[in-house]
Amino acid sequence: MGKLPEHIRISLHPGEDLNNYLRQRGYSNVFLLADTHTQKHCLPRINPLPEYAQRLVIPPGEEHKSLETCVKVWDFLTHHRADRHAVLVLVGGGVLCDLGGFCASTYKRGIDFISLPTTLLAQADASIGGKVGIDFDHYKNQLGTFQEPALTLLWDGFLTTLPANELKSGFAEVIKHVLISDAALWDIVRHRSLAQQDWPALLQHSAEFKWSIVQQDPREQGLRKILNAGHTVGHALETYLLANGSTVSHGEAVAAGLLCESYLACQRNLLSQTELRQIEKFILSVYGKLTVPKDLQNIAGLCLQDKKNKGNKILASLPDGIGRARWDCEVSLSEIVDALAYYSAL
Ligand SMILES: NC(=O)c1ccc[n+]([C@@H]2O[C@H](COP(=O)([O-])OP(=O)(O)OC[C@H]3O[C@@H](n4cnc5c(N)ncnc54)[C@H](O)[C@@H]3O)[C@@H](O)[C@H]2O)c1
Ligand SMILES: [Zn+2]
């Protein structure tokens, strides 16, 4: 799977690592972006926090991953006369890191940014791979660029203040990574509860795995699509449930999606019945079962909007045995209805 590149580090002391790096690089000016939650919970845990850094705190939440918030960040940098040798330090979850990276990558045609991701989702997924961006006109990630941070520090200590539902939600991406890349690790992970997981080891694994895939296929022409496992059915469920007034987290939907897509893989003999039962048992033990309305045709119909499709063909990424996946697997609407029916009957 390969090692992590120099600029992505599992950190034991993010404060020391950050300060050493800043000292080495000798930036003209240091700016720090946090949201109100990470200001309260995460900044005090970065020791020593570079107090000389100019700080901007933005409101939390996906609704603020917007052009309006970018304007605040660009205004702030401009007002403080940030030049091209300045750096923006990001302390937050996927929303803040996506937005902050986008602002940095566009300000004066690009200044350095340093990511200190503070949610499990951001550490295991969003902060690896160079995608930065914002939502626009009700479309998610409509505006964006590819830009690698100068430095990414992954510290599991931030997870101790993360709300339980956020930890559980991010864990779905970790499960996805392990399931499609490493059969031996899958056997360890599936025998542990959420509270018993070894976060430093899992962060290392997720970052190495995602990085290696992204290196091989940076623009998602083929292989990188496997990272969307669970997301064809998962996104359809998430969209349907949210539109109909249920609350469901991204991770809960992806976990259910992984299960439905594992069923599809089993139907194609890519997974054995025993393997499907193992996946079932573990995912249900962590997430329980979502209540899926009987409207299976309409839920499945939402898969037609998936970004991986070609024309009106639904193309999913399915597990291919434990520890591997294949992409561009054509699935019909009726197969997805079947998979949802299987899930509902569990
Ligand atoms: N760039 C990519 O490749 C990529 C990949 C996957 C997801 N994403 C994006 O990630 C975003 C979701 O990220 P997220 O799930 O991290 O959500 P988030 O950034 O909204 O964070 C979730 C909540 O937790 C709070 N928080 C963050 N860290 C905390 C901590 N340590 N203690 C207490 N509270 C904390 C935040 O303030 C927020 O309220 C989406 O916008 C999605 O599009 C990007
Ligand atoms: Zn996801």
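Look above for the structure.
Residues numbered from 1 in each chain as written. Chains lettered and ligands numbered in written order. Predicted model: local features only at pLDDT ≥ 70, side-chain atom pairs only at ≥ 80, totals over all residues. Heavy atoms only, no water.

Student: Explain the side chain of D35 to me, please; I cannot follow it from the model alone.
Tutor: Its location among the elements puts D35 in strand β2 (residues 29–35). Within the buried core, D35 has no salt-bridge partner, and the shortest N-O distance to an opposite charge, that of K40, equals 11 Å. Those residues in contact with D35, other than ones at most four positions away along the chain, are V57, I58, P59, P60, V91 and L96. (Helix = DSSP H or I, 4+ residues; strand = E, 2+ residues; numbered from the N terminus. Buried < 20%, exposed > 50% of the residue type's maximum accessible area, 1.4 Å probe, protein only. Lys, Arg positive; Asp, Glu negative; His and termini not counted. Salt bridge = Lys/Arg side-chain N within 4 Å of Asp/Glu carboxyl O. Contact = heavy atoms within 4.5 Å.)

Student: Help me understand the nonpolar core in this model?
Tutor: Within the largest apolar cluster, 68 residues are counted, with the highest numbers of intra-cluster contacts made by L120, F171 and L340. In terms of residue count, the dominant contributor to this core is helix α10 (residues 250–267) (11 residues). The next biggest cluster of nonpolar side chains, apart from the first, holds 23 residues, and it includes L33, L56, F113 and I134. (Core = buried A, V, L, I, M, F, W, Y, C linked by side-chain atoms within 4.5 Å.)

Student: Looking at this structure, I do not really get a nonpolar patch on the surface. What am I missing?
Tutor: A cluster of nonpolar side chains, L67, V71 and F136, forms an exposed patch at the surface whose accessible area comes to about 220 Å². Locating V71 in the fold gives a position in helix α3 (residues 67–79). Classification of V71 as partly exposed rests on a relative accessible area of 40%. (Patch = residues over 30% accessible without salt bridge, like charges linked within 9 Å, V, L, I, M, F, W, Y side chains within 5 Å. Areas by Shrake-Rupley, 256 points an atom, 1.4 Å probe, with all protein chains shown as cover.)

Student: Help me understand the coordination of the zinc ion (ligand 2) in this model?
Tutor: By definition of the ideal shapes, a tetrahedral metal site with four donors has angles of 109.5 degrees and an octahedral site with six donors has angles of 90 or 180 degrees. Taken together, the protein donors to the zinc ion (ligand 2) comprise E173 (OE), H231 (NE2) and H250 (NE2), at separations of 2.1 Å. Judged by its relative accessible area of 1%, E173 is buried. (Donors = N, O, S within 2.8 Å, 3.2 Å for Na, K, Ca; no water.)

Student: How should the site of ligand 1 be read in this particular structure?
Tutor: Every one of the 26 residues lining ligand 1 counts as a neighbour, but D35, E62, T118, T119 and T161 are closest to it. Separating an oxygen atom of ligand 1 from a side-chain N or O atom of K65 is a distance of 2.8 Å. Contributions of two or more residues to the shell around ligand 1 are made by α2 (36–41), α4 (94–106), α5 (120–126) and β7 (139–146). By residue class, the composition of the shell around ligand 1 is eight nonpolar, nine polar and nine charged. (Near = heavy atom within 4 Å. Polar contact = N/O pair within 3.5 Å; in protein donor to acceptor, adjacent residues only side chain to side chain. Nonpolar A, V, L, I, M, F, W, Y, C, P; charged D, E, K, R; others polar.)

Student: In this structure, what is going on with helix α1 (residues 14–25)? I would like to understand it.
Tutor: Every α-helix winds through 3.6 residues per turn, so residues three or four apart in the chain are directed the same way. Taking 1.5 Å as the rise per residue, α1 with 12 residues should run 16 Å; its terminal C-alpha atoms sit 16 Å apart, in good agreement. All of the buried residues in α1 are P14, G15, L18, N19, Y21 and L22. Looking straight down α1, one finds its buried side chains confined to an arc of 165°; they lie on one side. Residues of α1 that are exposed and angled more than 90 degrees away from the buried face: R23 and Q24. At the C-terminal side of α1, G26 shows a positive phi close to 55°. (Expected span 1.5 Å × (residues − 1). Arc of directions from axis to C-beta.)

Student: When you look at the packing of α3 against α4 in this model, what are you seeing that I'm missing?
Tutor: When two helices pack together, their arrangement is given by the angle between their axes and by how far apart the axes lie. Relative orientation of the contacting elements α3 and α4 amounts to 50°, with a least axis distance of 10 Å. Considered as vectors, α3 and α4 are oriented oblique to each other. With respect to the hand of their crossing, α3 and α4 are arranged in right-handed fashion. In this structure, α3 uses T69, C70, V73 and W74 to contact α4, whose residues at the interface are L99, F102, C103 and T106. When the residues that make up the contact of α3 with α4 are grouped by side-chain class, the tally is six nonpolar, two polar and no charged. (Axes fitted to C-alpha atoms, helices over the stretch in contact; angles between N-to-C directions. Parallel < 35°, antiparallel > 145°, perpendicular 65-115°, else oblique. Left-handed = near helix turned anticlockwise from the far one by under 90°.)

Student: Even after reading the chapter, I still don't get the packing of α10 against helix α11 (residues 273–287), so can you show me in this structure?
Tutor: Orientation of α10 relative to α11, taken along the N-to-C sense of each, is 170°, at an axis distance of 10 Å. If you check the angle between α10 and α11, you find them roughly antiparallel. Touching G251, E252, A255, L258, L259, S262, Y263 and C266 of α10 are Q273, L276, I279, E280, I283, L284 and Y287, all from α11. Considering only residue class, the contact of α10 with α11 consists of 10 nonpolar, three polar and two charged.

Student: Mind showing me how you'd approach α3 here?
Tutor: Taking 1.5 Å per residue as the helical rise, α3 with its 13 residues ought to reach 18 Å, and the 18 Å between its terminal C-alpha atoms agrees with that figure. Among all positions of α3, only T69, C70, V73, F76 and L77 are buried. Seen end-on, α3 carries its buried residues on one side only, within an arc spanning 125°. Facing away from the buried side of α3, by more than 90 degrees, are the exposed residues E68 and H79. Packing partners of the buried residues in α3 comprise β2, β3 (54–58), β4 (86–92), α4 and β6 (131–136). Backbone geometry just downstream of α3 places R81 in the positive-phi region, at approximately 55°.

Student: Can you help me understand the packing of aromatic side chains in this one?
Tutor: Aromatic ring pairs are reported here in terms of the distance separating the ring centres and the angle at which the planes meet. Tallied over the full model, the rule gives seven aromatic pairs. Judged by centre distance (4.8 Å) and plane angle (80°), the rings of W155 and F158 are edge-to-face. With relative accessibility at 1%, the residue F158 sits in the buried group. Their ring planes at 80° and their centres at 6.2 Å tell us that F171 and F282 sit as a pair that is edge-to-face. Of this pair, F171 sits in helix α6 (residues 164–179) while F282 sits in helix α11, and the two are 111 residues apart along the sequence. Both residues of the pair, F171 and F282, belong to the buried class. Through successive ring pairs, a cluster of aromatic residues spans F171, W186, W199 and F282. (Phe/Tyr/Trp six-rings, centres within 6.5 Å; stacked < 30°, edge-to-face > 60°.)

Student: I'm lost on the sheet that holds β4 in this one. Help?
Tutor: In a beta sheet, neighbouring strands are held together by backbone hydrogen bonds and run either parallel or antiparallel to one another. Spatial ordering of the open sheet is given by β1-β8-β5-β4-β2-β3, a layout of six strands whose pairing is parallel. Because the sheet does not close on itself, it has two edges, and the strands there are β1 (8–10) and β3. Each strand of the sheet is rotated relative to its neighbour by a mean of 15°, with strand direction disregarded. Relative to strand β5 (residues 112–117), β4 runs parallel, the two sharing six bridges. When the bridges of β5 are listed, L90 appears paired with S115. Across the sheet, α3 touches β2, β3 and β4, and the angle it forms with β3 is around 170°. (Pairing = 2+ DSSP bridges.)

Everything listed here is a matter of coordinates, which is why it stays silent on function.
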